[in-house]
Structure formats: structure tokens, C-alpha cells
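Take a look at the letters that make up each chain.
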2 protein chains.
Amino acid sequence: MTSAVNFKDKLALFAEHWSPKVVAKMNDYHFKLVKFQGEFVWHNHPDTDETFIVLEGEMTIHLRDGEVKLGPGEMYVVPKGVEHKPFAEHECHAMLVEPVGVVNTGDAGGELTAPLDVWI
Amino acid sequence: MTSAVNFKDKLALFAEHWSPKVVAKMNDYHFKLVKFQGEFVWHNHPDTDETFIVLEGEMTIHLRDGEVKLGPGEMYVVPKGVEHKPFAEHECHAMLVEPVGVVNTGDAGGELTAPLDVWI
């Protein structure tokens, strides 16, 4: 990476939901942009925390014991092993920060599992 | 952390420049908010990459062989060991992402060295 990454420019390059795209690497962590709409699956990441930063729109992270609502300029870190289900009524653009190799559906798998390490 | 972190709310809690405040932890990494204005010192971080994400305003990261200009919604990862000097003509609000324990002035030290691990 020899110049700045512009989030809006990168977000204009794809339309599909629930399919994170890598835009930067820091040590062994990836920064990914993703578009959410609708309901994801309950899952957890047994080996790592996972960071959500909302850039545009609104989303809810459902937890077994509550929920976290996020809007633009807000972030939340889902702790390792904690079950969660992202939801967005309308399209929401977010950044994920997590170790290289983390699968979006975690322990759950299934049809919403996105390809890993897709750079844009 | 049991609820979302709102960047604007957190940024309203401090005024000083070049003094990063921790707002979240993911595994052994910290997310820090910082206000830049003026010229920082040349330094590098021998053991880690360092991520800059601009939230408001504009900044330049001077490198020995060039510069990277960043505005809102833009990020850059300074590679491990690469000398850099942040600069902002007007106040700029940014997020840093880096391992717990990284000192803001890196190998350079000096009077701009900020206290570590200050949470807001």
C-alpha cells in the first residue's frame, strides 16, 4: 500500500452483502469493508475478538443477553467466543478489524460464508 | 465495554494534541483517538505497523521518500520500522490502531511522548 485507502472509493467497487473485502493489513490483522443488509446468522469466533466500525447507516449486533446499536462513527468489539448476530434493516457500510484468516460466519458456517482474503 | 463507543462523544472529552486516548481493546490491540495539530517528530516503531484512520480534518504523514495525505474516511498503515512524521495544519481527529504498549514517539522519545494506556 503506497497511498491512502479511501473508504468511499473502495465501497463503490462492490455491491454484495455480507462479503467482507480486505483493504489494508497491519501486522497479522486485516481491515475489511463490508455491506450489511438483513439478518446474518448466529455465530462466534472462538479464537479472537472482532471489531465493528460503522461508516454509514445503522446496524444492530444481537447478543444472547442484549443488543448493541451502532451508527456512523461508532464501534463495538465483540469479545472472543461471544455469540452474535449482525442485523441491518437498511444497507449499512462497516469496517471489520480482525486477524488474518477469520471466517465471517465463525463456528456456524453455512451459505453466508464468504470467501477469505479478497482484496479490493 | 458493554455498549457502542461513539467517537464524537469520546473526542469531546479531551482537547490536548498528540496524546492518544484508548477507547477500545481487541485482543492485544488498542484503538485510540487522537487530536493532531502542528508538526510531530520523526520516529518509527521498530516492532509494529501503525494504522492511522482520519475521522475529521486533514493530515499528512511525511515519509523519508514521500508523503501520504489523509482526509475523513481515509486510512494508511505505516509499516514497521518506517520513519514517519505526522503533520496537520489545522486540527485533525484520527483513530490509531496498534498493539497495546506502543509509545507515540516510537524510537525518538522526547517531550511529545504521551502517557501510555490512558482510557477515556
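Residues numbered from 1 in each chain as written. Chains lettered and ligands numbered in written order. Predicted model: local features only at pLDDT ≥ 70, side-chain atom pairs only at ≥ 80, totals over all residues.

Colleague: An account of the overall build of chain A is requested, with residue identities and associated values reported.
Modeller: In terms of regular secondary structure, chain A is built from 1 helix and 8 strands. For chain A, the N- to C-terminal ordering of α and β elements is β-α-β-β-β-β-β-β-β. Here chain A has a C-alpha radius of gyration of 13 Å; the compact-globule value for 120 residues is 14 Å, and the two agree. Looking at chain A as a whole, 38% of its 120 residues are labelled buried. The long-range share in chain A, meaning contacts at least 24 apart out of those at least 6 apart in sequence, stands at 66%. (Helix = DSSP H or I, 4+ residues; strand = E, 2+ residues; numbered from the N terminus. Rg over C-alpha atoms; globule rule 2.2 N^0.38 Å. Buried ≥ 20, exposed ≤ 12 C-beta atoms within 10 Å, placed from the backbone. Contact = placed C-beta atoms within 7 Å.)

Colleague: Go over the interface of chain A and chain B, please, and point to the residues and values.
Modeller: Between chain A and chain B, the residue contacts involve 24 residues of the former and 25 residues of the latter. Mapped by element, the contributors of at least two residues to the side of chain A that touches chain B are β1 (5-6), α1 (7-11), β2 (21-26), β6 (66-70) and β7 (74-78) of chain A. Broken down by element, the side of chain A that touches chain B gets its largest block of residues, 4 residues, from β7(A). Counted by class, the side of chain A that touches chain B contains 13 nonpolar, 6 polar and 5 charged residues. Note: β7(A) against strand β1 (residues 5-6) of chain B, 2 bridges, orientation antiparallel. Counterpart to E74(A) in the pairing with β1(B) is N6(B). (Nonpolar A, V, L, I, M, F, W, Y, C, P; charged D, E, K, R; others polar. Pairing = 2+ DSSP bridges.)

Colleague: Got a sec to walk through the nonpolar core? Specific residues and values, please.
Modeller: Buried together is how nonpolar side chains tend to be arranged in soluble globular proteins. Ranked by internal contacts, the top residues of the largest apolar core, which has 53 residues, are A94(A), Y76(B) and A94(B). With residues up to four places along the chain from it excluded, the contact list for Y76(B) reads A4(A), V5(A), F52(B), I61(B), V68(B) and L70(B). (Core = buried A, V, L, I, M, F, W, Y, C linked by C-beta atoms within 7 Å.)

Colleague: Break down the environment of I53(B) for me, citing the residues and quoting the values.
Modeller: Tracing the backbone shows I53(B) in strand β4 (residues 50-56). Filtering out sequence-adjacent residues up to four positions away, I53(B) remains in contact with M75(B), A94(B) and M95(B).

Colleague: I'd like a rundown of the confidence of the model for chain A, residues and numbers included.
Modeller: For chain A, the average pLDDT comes to 96, and 99% of its residues sit at 70 or higher. At the level of chain-chain contacts, confidence expressed as ipTM amounts to 0.96, with global pTM at 0.97. (pLDDT = per-residue confidence, 0-100.)

Colleague: Summarise the relation of the copies chain A and chain B; cite the residues concerned and give the values.
Modeller: Superposing chain A onto chain B takes a rotation of 180 degrees combined with a translation of 0.0 Å along the rotation axis, leaving an RMSD of 0.0 Å. Expressed as a symmetry operation, the mapping of one chain copy onto the other fits a two-fold axis. (Least-squares fit on C-alpha atoms with pLDDT ≥ 70 in both.)

Colleague: Describe unusual backbone geometry, naming the residues involved and giving the relevant values.
Modeller: Residue and element names in this part refer to chain B. In the Ramachandran plot, N27 falls in the positive-phi region, its phi being about 50 degrees despite a non-glycine side chain. Within the fold, N27 resides in the loop between β2 (21-26) and β3 (29-39). The backbone of D117 sits at a positive phi, close to 60 degrees, despite the residue not being glycine. With respect to the helices, strands and loops of the structure, D117 is situated in the segment after β8 (84-99). The exposure class assigned to D117 is exposed, which follows from the 12 C-beta atoms found within 10 Å.

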